Amino acid sequence: MSGSVLEALTLSTAMKCAPPDGCSLLLRVNASLTLREGLRGLEACSMSLDTQETQCQSVRVPRASRRLQVGQQLQVHFDCFEVSVAQSLYVTLRTVPHFCGVQLGQRYHVEDCADEDVARNVPDCFAGKLSYWVDRSRKVVLVQVPESGGPDYYVRLCLKWFTCEDAGAPVRVTANRVSRRVSLPYKQELSCLCLEGWPATPDAVRIQTCPFKDDTETLWDAIHYHPGSQALSWEPACPMSGRVSLCWRPGPGPQCLELERSGRPAHSRVRYPLVDTQPQLCLKFSTSLGFPVRCPFEQPHFPALPASRCACVTEGRRGPPRATECSRPPPPLRATPQRTLQWPSWTFPGTRPVHPAPASSCHPGDSSLRPGVSPRRSKCQGLTAGMWPPARPVQ
């Protein structure tokens, strides 16, 4: 049978109201077809894309009508399907009996609580009218659940990623509870920390509001330094897009010059190995939630190894050293085969890449730095950690 038998599939949302219980939503399905011999009817099926639950209805064409109306166009109206607020559906239409390749399909999204009529009349949207107050001194969110006369309600705090992940156990507020105020504790004021409420019914719509959506400062402070591995790391506590990079702050002010090839995606954990604890070394964020700069080694309480008394400089080079460049104390001497260390190539903007000098050529134990001993001229000169350019040697 030709695929042109099914001509159109039309979907729309209807509302059925029964005061005082409020209104429910329904899906209207209309179809048009050209009647062919052997066609006995149509079947429409609605499948929820969230739960895979399917509802089907069929309409039969009486045998007497089939003989008289072959070749004519018919309009078919199905009974309404029960649907939920903001539900995603896939509706299929096919013939009875089913012929291979003769089928229409269409995706449909039911209106959510942003629709004025739905928000005003459907009980599932009443959870969006939760009243709340934030007590920052006690780190709790106080929630007032409205008296709707309907089913029990759940409220909770969650971290909104692809789904809303638990940030605390949900609290059930029963319909006959005298006090409908709930206290929800939290640990950090994060922009993705949201309050979620929903009625205690199957497949209920969950309404969310985020009390701290403008609080982004905490996100940039999740920087950690691991003294053992000398690795600097940062991990986003909320979803974001953009980049993170190392930068060098030459002095007071907002300017921070990005180190070449240090950029990393900001959507997941960022880790820089073998980082020296220079106060001018910072992290620059260029993300969807802001463009701050954080210099962790400026903070006296930040956990880090003491910066070395000597940093290596290559002859003829100007500008700050690379984050990994020869500013750590040398390892103790061992009778082991010589190995070549691989250094990350982080280069200061505007300069050509420079290879670090060997660590053994300059370290705190070098005789060139001992009192009363004349320093030797070399490519590596004494430098107090955090100072630039290096001090000239005493003649």
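Because the structure is predicted, anything quoted here is derived from the model rather than measured. (Residues numbered from 1 in each chain as written. Predicted model: local features only at pLDDT ≥ 70, side-chain atom pairs only at ≥ 80, totals over all residues. Heavy atoms only, no water.)

**Concerning the environment of S65**
Inclusion rule: Each helix is a run of DSSP H or I of at least 4 residues and each strand a run of E of at least 2, with the numbering of both proceeding from the N terminus.
Within the secondary structure, S65 sits in helix α1 (residues 63-69). Considering only alpha carbons, one finds S65 and L35, 30 residues apart in sequence, at a separation of 9.9 Å.

**Observations concerning the sheet that holds strand β4 (residues 54-60)**
In sheet architecture, strand pairing relies on hydrogen bonds along the backbone and comes in two forms, parallel and antiparallel. This is how it is decided: Strands pair, by our definition, only if DSSP identifies at least two bridges between them. An axis is simply a line fitted to the C-alpha atoms; with a helix, the fit covers only the stretch in contact. Between two such axes, the angle follows the N-to-C directions and lies from 0 to 180 degrees.
Strand order in the open sheet made by the 4 strands is β4-β3-β7-β8, with antiparallel pairing throughout. Either end of the sheet is taken by a strand with one partner, and the two such strands are β4 and β8 (103-109). Neighbour-to-neighbour, the strand axes of this sheet turn through a mean angle of 15°, independent of strand direction. Pairing analysis gives 8 bridges linking strand β3 (residues 41-48) to strand β7 (residues 88-96), with the strands arranged antiparallel. In the sheet register, S48 faces β7, and the bridge partner there is L89.

**Let's talk about the sheet that holds strand β18 (residues 231-234)**
Overall, antiparallel pairing links the 3 strands, which are arranged β17-β18-β22 in an open sheet. Unpaired on one side and paired on the other, β17 (223-226) and β22 (270-272) mark the two borders of the sheet. Recorded for the sheet is a direction-independent mean angle of 20° between the axes of neighbouring strands. Relative to β22, β18 runs antiparallel, the two sharing 3 bridges. Its bridge partner lying in β22, L232 is registered against Y272.

**Thoughts on the pairing of strand β14 (residues 181-185)**
This is how the line gets drawn: For every residue, the accessible area obtained with a 1.4 Å probe (protein chains only) is divided by the maximum for its type, and the residue is called buried under 20%, exposed over 50%, and partly exposed between those limits.
A one-sided burial pattern is seen for β14, the buried positions being V182 and L184 and the unburied ones R181, S183 and P185. Looking at chain direction, strand β10 (residues 140-144) and β14 are connected through 5 bridges and run antiparallel. Looking across to β14, one finds that V143 is bridged to V182.

**With respect to the side chain of R294**
For clarity, the threshold we go by: For the purposes of these results, a polar contact is taken to be a pair of N or O atoms within 3.5 Å, where, inside protein, one atom must be able to donate a hydrogen and its partner to accept one; residues adjacent in sequence count only when each atom of the pair is a side-chain atom. Contacts are assigned to residue pairs with any non-hydrogen atoms lying within 4.5 Å of each other.
Tracing the backbone shows R294 in strand β24 (residues 293-294). In terms of polar contacts, R294 uses its side chain to reach the side chain of E217, at 2.6 Å. In terms of polar contacts, R294 uses its side chain to reach the side chain of D221, at 3.2 Å. Contact partners of R294, with chain neighbours within four places excluded, come to E217, W220, D221, I223, C282, L283 and F285.

**So, the pattern of salt bridges**
Note the threshold: Each salt bridge in this description consists of a side-chain nitrogen of Lys or Arg and a carboxyl oxygen of Asp or Glu lying within 4 Å of one another.
According to the stated counting rule, one finds 12 salt bridges in the structure shown. Salt-bridge contacts for R156 lead to D166; the nearest nitrogen and oxygen are separated by 2.3 Å. In this pair, R156 is assigned in strand β11 (residues 153-160) and D166 in strand β12 (residues 164-166), connecting sequence segments 10 residues apart. Residue R156 is classed as buried on the basis of its relative accessible area, which comes to 8%. Classification of D166 as exposed rests on a relative accessible area of 53%.

**Concerning the state of the cysteines**
Test applied: Whenever a pair of cysteine sulfur atoms sits within 2.5 Å, that pair is classed as a disulfide.
As enumerated under the stated definition, the model contains 7 disulfides in all. Covalent S-S linkage joins C192 and C238, the inter-sulfur distance amounting to 2.0 Å. A torsion of -75° about the S-S bond marks the disulfide between C192 and C238 as left-handed. Of the two residues, C192 sits in the loop between β14 and β15 (193-199) while C238 sits in the loop between β18 and β19 (242-248), which places them 46 residues apart along the sequence. Residues C192 and C238 agree in their burial class; the two are buried. Each sulfur in the disulfide pair C194 and C210 lies 2.0 Å from the other. Judged by the torsion about the S-S bond (80°), the C194/C210 disulfide is right-handed. Placement of the pair is C194 in strand β15 and C210 in the loop between β16 (207-209) and α3 (217-220), with a sequence separation of 16 residues.

**Quick look at unusual backbone geometry**
The residue after V96, namely P97, is reached through a cis peptide bond having omega -5°. Position of P97 relative to the elements: it lies in the loop between β7 and β8. The phi dihedral of R261 is positive, around 60°, even though this residue is not glycine. Mapped onto the fold, R261 is located in the loop between β20 (257-258) and β21 (264-265). Given a relative accessible area of 56%, R261 falls into the exposed group. Located in the positive-phi region is L274, a residue other than glycine, with phi close to 50°. Along the chain, the position of L274 falls in the loop between β22 and β23 (281-287). What makes L274 partly exposed here is its relative accessible area of 28%.

Geometry only, nothing functional implied.
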